[in-house]
Amino acid sequence: MAATSAAAMAIPLLINLLRGTSDLASVTTTHAKLLKLGADSSVASSNHLLAAYCRCGSTALAHHVFDGMLDRNVVSWTALMSGYASSGQPSAAFALLRTMARSGVPPNAFTFSTAASACALLANAGLGRQVHARAEVSGDARDNFVATALVGMYGKSCRVGDARAVFDAMPATARSAVSWGSMLSVYAQNALGHDAIQLFTEFRTNGQDMAPNHFMLSSVVNACAGVGRLGIGKCVHGMVLRLGHEDNDVIAVALLDMYSKCGCYEYSKMVFDRIKQPSVIPYTSIIVATAKYGLGSTALSLFSEMVDRGVQPISVTLIGVLHACSHSGLVDAGLQLLRSMRSKYGIAPCASHYTCAVDMLGRAGRLEAAFELANEARVEGNDDLMLWSSLLSACRNHKRLDLATMAGEKVSEFSTTMAWEKVSELSQEVAGALVVMSNTYDSAGQADEAAAVRSDMRRRGIQKVPGCSWIEIKDVTYMFYVGKVSPAGERAGEVMLLLDELECKMREKGYKGRLGSDRVFDGYEEDGDEQGKGVMVGVHSEMLALGFGLLVIPKGMGIIRVMKNLRMCCDCHEAFKLISAIVEREFVVRDLNRFHHFRMGSCSCNDYW
């Protein structure tokens, strides 16, 4: 009788031990004690054992317990499903849902949310729809946990419309900060930054006075980074400080990235310097930011500091350092890193490292060495296209038609042998390379060859995305396209008059180009030429954005910041330098590759870009 009483007292204590532990040795010891007491056969005890083994990552032992259960309830099935999903085995988790349906045990809301999360890991919208349909039938689809998981699943599967439909179907009172954050993250992860910012505005208005959590804040900051919305990014930073999240590393890295992508490197460095113990992620972020500004020596110093602190670099860190070397002309330092990265840091060079190194050699005019390295790399697929496209641009810049033709043949071979679906996926990369090839022939006086390339592009339906530039003024974004000044509204005429005046003043300083709207250029110029030698109609988009900025942003109100989706051409680069001296103002331009900071007639890139 006393022994039975002691066992009855011991069992709850052992169960309590299982609830909080994630130590496998402790769980197996407790399991053995429950076996001795004969308590392992109860559903409740077995469920606690299941959950404990899953927390330890031992799904095999968890499944062994599950198989030994004579009776299983919904908690048993859901706990094992969750364990598989958490341990990176989402397919096994979904398979359990199917087996559960045959067992006669009905799933609950937690089961559906777990299954939806597993489908998110698989990025499989087809399986996710099955979970969604079953949740609708059971009446659980409007549950906060289930709906939030479904939003995340559709987002991971790039089904943004479906994710928003689930979110909109949730009762307003059922939406938590996690639900709002999940939908916001879907927009941010699918490069829909403006939608993410708009949703965050809705949350502030309709979120029933809920405070944003750090996941939501980091998502909206990432959205601001993607679309270059500095004003809103600063407002969110203020919110971060007010809510006491400034020490959160996830938010700190997001802020660092946002400021760097919006042309505020100094702010990025300030955010980094406030991180008490930076790990490899913050270090990598600040190195990549430094590379975008062409501060090669600073990037190398940060990298040395990181290694000295015992922080092990990752592959992306080394890509950032190589990128910095490429944009600063530090060729020898970059090659030394490439050759030693395996022995020093245990990281084998991948296609991205070789592409950076080839680009670095090409910018420096060491084209033969670049070709040798490109052939040595032996990359395949998409990476092959990126590598040879980079080399093609370098040959075009250095007027080496012979080598450009060789690189162009590689690009053409890639695009013609690739499946049509793959060409569609990479249409912009393929189009950009082919446009550069066409312009290379044009600049060499080989008009027939240039026409043949363009004709082939039209035949295959390959089109380059049009060049555009945008400027943010009082939290409003104004988007300009080549030759189209209409976004300036009623001040469009003033913009053109200002550019005409600046053109006259630049000519006095030796400028050979032309900015007026009657300028005739080839349409491929803005769309892909690396040097701006083509022929096109109208004024380049960055010039229109600058003209508008000069009109509406008073002198003394800070730097004028312009964003561009393509590489800035040489003519516009020269014009920005001259205008910065004429009007005595500073401009920052973010183009496809890097940042340019213009002040008093010079650029931070030192014309090496």
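Residues numbered from 1 in each chain as written. Predicted model: local features only at pLDDT ≥ 70, side-chain atom pairs only at ≥ 80, totals over all residues. Heavy atoms only, no water.

Peer 1: Kindly report on the overall build of the protein, identifying the contributing residues and their values.
Peer 2: Scanning the protein from terminus to terminus reveals 31 helices and eight strands. The principal-axis extent of the C-alpha atoms belonging to the protein is close to 105 × 55 × 50 Å. Here the protein, with 609 residues, has 51% of them falling under the buried criterion. In the protein, the share of contacts with a sequence separation of at least 24, taken over all contacts with a separation of at least 6, comes to 63%. Here the protein has roughly 27300 Å² of accessible surface; of this, 54% comes from carbon and sulfur atoms. For the protein, the separation between the mean place of its 59 positive charges and that of its 60 negative charges on side chains is 4 Å. (Helix = DSSP H or I, 4+ residues; strand = E, 2+ residues; numbered from the N terminus. Buried < 20%, exposed > 50% of the residue type's maximum accessible area, 1.4 Å probe, protein only. Contact = heavy atoms within 4.5 Å. Areas by Shrake-Rupley, 256 points an atom, 1.4 Å probe, with all protein chains shown as cover. Lys, Arg positive; Asp, Glu negative; His and termini not counted. Charge placed at Lys NZ, Arg CZ, Asp CG, Glu CD.)

Peer 1: Which residues make up the sheet that holds strand β1 (residues 468-473), and what values do they have?
Peer 2: In any sheet, the strands associate via hydrogen bonds between backbone groups, in a parallel or an antiparallel arrangement. Strand order across the open sheet formed by six strands is β2-β1-β5-β6-β7-β8, with mixed pairing between neighbours. Pairing within the sheet leaves two strands with one partner each, and these edge strands are β2 (476-481) and β8 (602-603). Here six bridges tie β1 to β2, and the two strands are oriented antiparallel to one another. Paired with isoleucine 471 across the strands is tyrosine 478, a residue of β2. (Pairing = 2+ DSSP bridges.)

Peer 1: Can you tell me about the confidence of the model for the protein, naming the residues and giving the values?
Peer 2: Caution is warranted with low-pLDDT regions, since their predicted coordinates should not be read in detail. Here the protein averages 86 in pLDDT, while 91% of its residues score no lower than 70. Below a pLDDT of 50 lies the segment residues 419-425, which in the model reaches six contacts outside its immediate sequence neighbourhood of four places, other chains included. Scored below 50 in pLDDT, residues 517-537 makes 75 contacts in the model with residues more than four places away or belonging to other chains. (pLDDT = per-residue confidence, 0-100.)

Peer 1: Can you break down helix α5 (residues 74-86) residue by residue, with the values?
Peer 2: If you check α5, its first and last C-alpha atoms are 18 Å apart, about what 13 residues at 1.5 Å a residue would give, namely 18 Å. Taking burial as the measure, the 13 residues of α5 include ten buried ones, the bulk of the element. By the burial criterion, the buried members of α5 are Val74, Ser76, Trp77, Thr78, Ala79, Leu80, Met81, Gly83, Tyr84 and Ala85. In this structure, the buried side of α5 is in contact with α3 (43-55), α4 (59-67), α6 (90-103) and α7 (109-122). Where α5 begins, one side-chain oxygen reaches toward the backbone nitrogen of valine 75, 3.1 Å away; that side chain belongs to asparagine 73. (Expected span 1.5 Å × (residues − 1). Polar contact = N/O pair within 3.5 Å; in protein donor to acceptor, adjacent residues only side chain to side chain.)

Peer 1: Help me get a handle on the side chain of serine 58, residues and values and all.
Peer 2: With respect to the element layout, serine 58 can be found in the loop between α3 and α4. Here serine 58 falls in the buried class, since its relative accessible area comes to 13%. Among residues more than four places away in sequence, those in contact with serine 58 are Leu24 and Tyr53.

Peer 1: Which residues make up the nonpolar core, and what values do they have?
Peer 2: Core analysis: the largest hydrophobic core is formed by 152 residues, its most contacted members being Phe200 and Met258. Ranked by size, the runner-up nonpolar core spans 38 residues in total, among them Val539, Cys569, Val583 and Cys603. (Core = buried A, V, L, I, M, F, W, Y, C linked by side-chain atoms within 4.5 Å.)

Peer 1: Give a detailed account of the packing of helix α16 (residues 265-273) against helix α18 (residues 296-308), specifying residues and quantitative values.
Peer 2: Direction vectors running N to C along α16 and α18 enclose 10°, while the axes themselves pass 15 Å from each other. The pairing of α16 with α18 is recorded here as roughly parallel in orientation. Between α16 and α18, the contacting residues are Tyr265, Lys269 and Phe272 on the first element and Thr298, Leu302 and Glu305 on the second. Looking at side-chain class alone, the contact of α16 with α18 contains three nonpolar, one polar and two charged residues. (Axes fitted to C-alpha atoms, helices over the stretch in contact; angles between N-to-C directions. Parallel < 35°, antiparallel > 145°, perpendicular 65-115°, else oblique. Nonpolar A, V, L, I, M, F, W, Y, C, P; charged D, E, K, R; others polar.)

Peer 1: For helix α13 (residues 214-227), give the residues involved together with the corresponding values.
Peer 2: The terminal C-alpha atoms of α13, which comprises 14 residues, lie 20 Å apart, in line with the 20 Å expected from a rise of 1.5 Å per residue. Among the 14 residues in α13, ten count as buried, and that is most of the element. Those residues of α13 lying buried are Met216, Leu217, Ser218, Ser219, Val220, Val221, Ala223, Cys224, Ala225 and Val227. Here the buried face of α13 lies against α11 (177-189), α12 (193-206), α14 (230-242), α15 (249-261), β1 and β6 (587-590). Within two residues after α13, glycine 228 carries a phi angle of roughly 70°, on the positive side.

Peer 1: I'd like a description of the pattern of salt bridges, backed by residues and values.
Peer 2: The full count for this structure, using the stated rule, is 19 salt bridges. Across the salt bridge formed by lysine 269 and aspartate 273, the nearest N and O atoms sit 2.9 Å from each other. Here aspartate 273 and lysine 269 lie together in helix α16, a separation of four residues that amounts to about one turn. With a relative accessible area of 24%, lysine 269 lands in the partly exposed category. Residue aspartate 273 is classed as partly exposed on the basis of its relative accessible area of 48%. Ionic pairing is found between glutamate 542 and lysine 564, a salt bridge with its closest N-O pair at 3.0 Å. Remark: lysine 564 occurs in strand β5 (residues 560-564) and glutamate 542 occurs in helix α30 (residues 541-552); sequence separation between them is 22 residues. One connected set of salt bridges, linked through shared partners, spans Arg164, Asp168 and Glu202. (Salt bridge = Lys/Arg side-chain N within 4 Å of Asp/Glu carboxyl O.)

Peer 1: So what about unusual backbone geometry? Which residues, and what values?
Peer 2: Backbone geometry places cysteine 158, a non-glycine residue, at a positive phi of 65°. By the element assignment, cysteine 158 lies in the loop between α9 (144-156) and α10 (160-169). Residue classification places cysteine 158 among the exposed residues on the basis of a relative accessible area of 56%. Positive phi, close to 55°, is recorded for glutamate 584, a residue that is not glycine.

Peer 1: How would you summarise the environment of cysteine 570 if you had to cite specific residues and measurements?
Peer 2: Tracing the chain through its elements places cysteine 570 in helix α31 (residues 570-582). Given the relative accessible area of 29%, cysteine 570 is considered partly exposed.

Peer 1: Let's hear about the pairing of β1: which residues, and what values?
Peer 2: Burial within β1 is extensive, with six of its six residues counted as buried. Here β1 shows a buried face lined by Cys468, Trp470 and Glu472 and a second buried face lined by Ser469, Ile471 and Ile473. Connecting the antiparallel pair β1 and β2 is a turn made up of two residues, with lysine 474 showing a positive phi of about 50°. With two bridges joining them, β1 and β5 adopt antiparallel strand pairing. Opposite tryptophan 470, over in β5, you have methionine 563 as the bridge partner.

Peer 1: Got a sec to walk through the packing of aromatic side chains? Specific residues and values, please.
Peer 2: Two descriptors summarise a pair of aromatic rings, namely the distance from one centre to the other and the angle between the planes of the rings. On inspection of all chains with the given rule, the structure shows 15 aromatic pairs. Consider the rings of phenylalanine 272 and tyrosine 283, whose centres lie 5.1 Å apart with planes at 65°: the pair is edge-to-face. You can see phenylalanine 272 sitting in helix α16 and its partner tyrosine 283 sitting in helix α17 (residues 280-292), a full eleven residues away along the chain. You'll find phenylalanine 272 and tyrosine 283 in the same group, each marked buried. Grouping aromatic residues by their ring pairs yields a cluster made of Phe167, Trp180, Phe200 and Phe203. Across the ring face of phenylalanine 66, the terminal group of arginine 72 is positioned such that the distance to the ring centre comes to 4.2 Å. The side chain of arginine 175 reaches across the aromatic face of phenylalanine 167, ending 4.3 Å from its centre. (Phe/Tyr/Trp six-rings, centres within 6.5 Å; stacked < 30°, edge-to-face > 60°. Lys NZ or Arg CZ within 6 Å of the ring centre and 35° of its normal.)

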